[in-house]
Amino acid sequence: MADEIVSVNEFQVLARQALPKMYYDFYAGGAEDEHTLKKNVQEFQRIILQPRVLVDVSNIAMSTNILGYTISAPIMISPTSMHKLAHPEGELATARAAAEFNTIMILSFSASSSVEEVAASCDAVRFFQLYVLKRRDIAVNLVQRAEKSGYKAIVLTADRPRRGRKEADIKNKMNLPQLKNLEGLISIEVFSDKGSNTKPYTNEIFDSSFCWRDIAWLKSITNLPILIKGILTREDATKAMEVGAAGIIVSNHGGRQLDYTPATISVLEEVVQAVGRKVPVLLDGGVRRGTDVFKALALGAQAVLVS
């Protein structure tokens, strides 16, 4: 491989070489047969562009506006966990990159840097991703900290009532370190055993009963707009609008949660039609090239999320 990296796919090759197998598999792997993980990419490849020629493209504006915040291009940073497994600066480096390129970073609930540390690292516009736990006081604590630290929105991940079966993590006996944002609130040490602690830990603490009626409770504890991440159907998009979501993220959790769900790009149009452009619709999953971004925008997304 040449020294100069010219595509996102080359980063994945280098990551495989640089990271311990356990960590690479944690980042790159999907649930069960990894069908959805692969389809996220393949369905983008199925879409063909039909160009028009002799159009003046000498002046191109890439910027867009998300919830009142102008970003340089319709590309945001998706919430992904444990950046320090790949780089010692972790999410602090990610946040600085977001600030430099004038885009929005969504900080993961499972970040290896705290809400406050990331906020202090730079002046990037930040959203905070939230999972609601059985202990609702922890959600209140996190939301209040995010609001106090200047985060501009809450991104509720709705597609993970229980953790998906990632077989590579089981084989590798992948163990999560203490989640930085939960220090002093809850410990994961009691869930460690001779195997992986990722599934028993999350299944024990996550509130699998959280449902549409609970959005009212979440709205009652914050003044921040709430985006709902994990929508894949017209029906759920309609429900999200009914409960007052400020935005929708079409997502299948990167194929890491429930296998054999549709690729996100394949259901984008029906979600956009259900929403009727009343709120921004974003998309993640399978975005690898600028042409993928273009395809998502052509089908109605306002921006894409990459990780």
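Residues numbered from 1 in each chain as written. Predicted model: local features only at pLDDT ≥ 70, side-chain atom pairs only at ≥ 80, totals over all residues. Heavy atoms only, no water.

The name an unreviewed UniProt entry assigns to the protein is (S)-2-hydroxy-acid oxidase, from the organism Salix koriyanagi. For the protein, the Sequence similarities (unreviewed entry) comment in UniProt is given as "Belongs to the FMN-dependent alpha-hydroxy acid dehydrogenase family." For the protein, the Subcellular location (unreviewed entry) comment in UniProt is given as "Peroxisome". (UniProt positions renumbered as here; feature names shortened; annotations may be inferred.)

Here we take up helix α3 (residues 35-46). Across its twelve residues, α3 extends 16 Å between first and last C-alpha, which sits within 8% of the 16 Å expected from 1.5 Å per residue. Within α3 the residues assigned to the buried category are Thr36, Asn40, Glu43 and Phe44. In a view along the axis of α3, the buried residues occupy a sector of 100°, so they form one face of it. Exposed residues on α3 whose side chains face more than 90 degrees from its buried face are Gln45 and Arg46. The secondary structure elements touched by the buried residues of α3 are α11 (264-275), β9 (281-284) and α12 (290-298). (Helix = DSSP H or I, 4+ residues; strand = E, 2+ residues; numbered from the N terminus. Expected span 1.5 Å × (residues − 1). Buried < 20%, exposed > 50% of the residue type's maximum accessible area, 1.4 Å probe, protein only. Arc of directions from axis to C-beta. Contact = heavy atoms within 4.5 Å.)

Attention now goes to the environment of Asn102. One can find Asn102 in the loop between α4 (91-100) and β4 (104-107). We classify Asn102 as partly exposed; its relative accessible area is 41%. Each C-alpha atom, one on Asn102 and one on Ile75, is 9.9 Å from the other, the two residues being 27 residues apart in sequence. What Asn102 contacts, discounting residues up to four positions off in sequence, is Thr70, Ile71 and Ser72.

Here the focus is the packing of helix α10 (residues 234-242) against α11. Interaxial distance between α10 and α11 falls to 8 Å at its minimum, and their mutual angle equals 35°. The element α10 and its partner α11 pack so that their crossing is right-handed. Here Arg234, Ala237, Thr238 and Met241 of α10 come into contact with α11, specifically with Glu270, Val271, Gln273, Ala274 and Val275. Partitioning the contact of α10 with α11 into residue classes produces five nonpolar, two polar and two charged. (Axes fitted to C-alpha atoms, helices over the stretch in contact; angles between N-to-C directions. Left-handed = near helix turned anticlockwise from the far one by under 90°. Nonpolar A, V, L, I, M, F, W, Y, C, P; charged D, E, K, R; others polar.)

In a regular helix each residue adds 1.5 Å, so 13 residues correspond to 18 Å; helix α6 (residues 136-148) covers 18 Å between its end C-alpha atoms and thus fits that length. Among the residues of α6, Ile138, Ala139, Leu142, Val143, Arg145 and Ala146 are the ones counted as buried. Buried residues of α6 fall within an arc of 160° about the axis and therefore sit on the same side. On its buried face, α6 is in contact with α5 (115-121), β5 (125-130), β6 (154-157) and α9 (215-220). Within two residues after α6, Gly150 carries a phi angle of roughly 90°, on the positive side.

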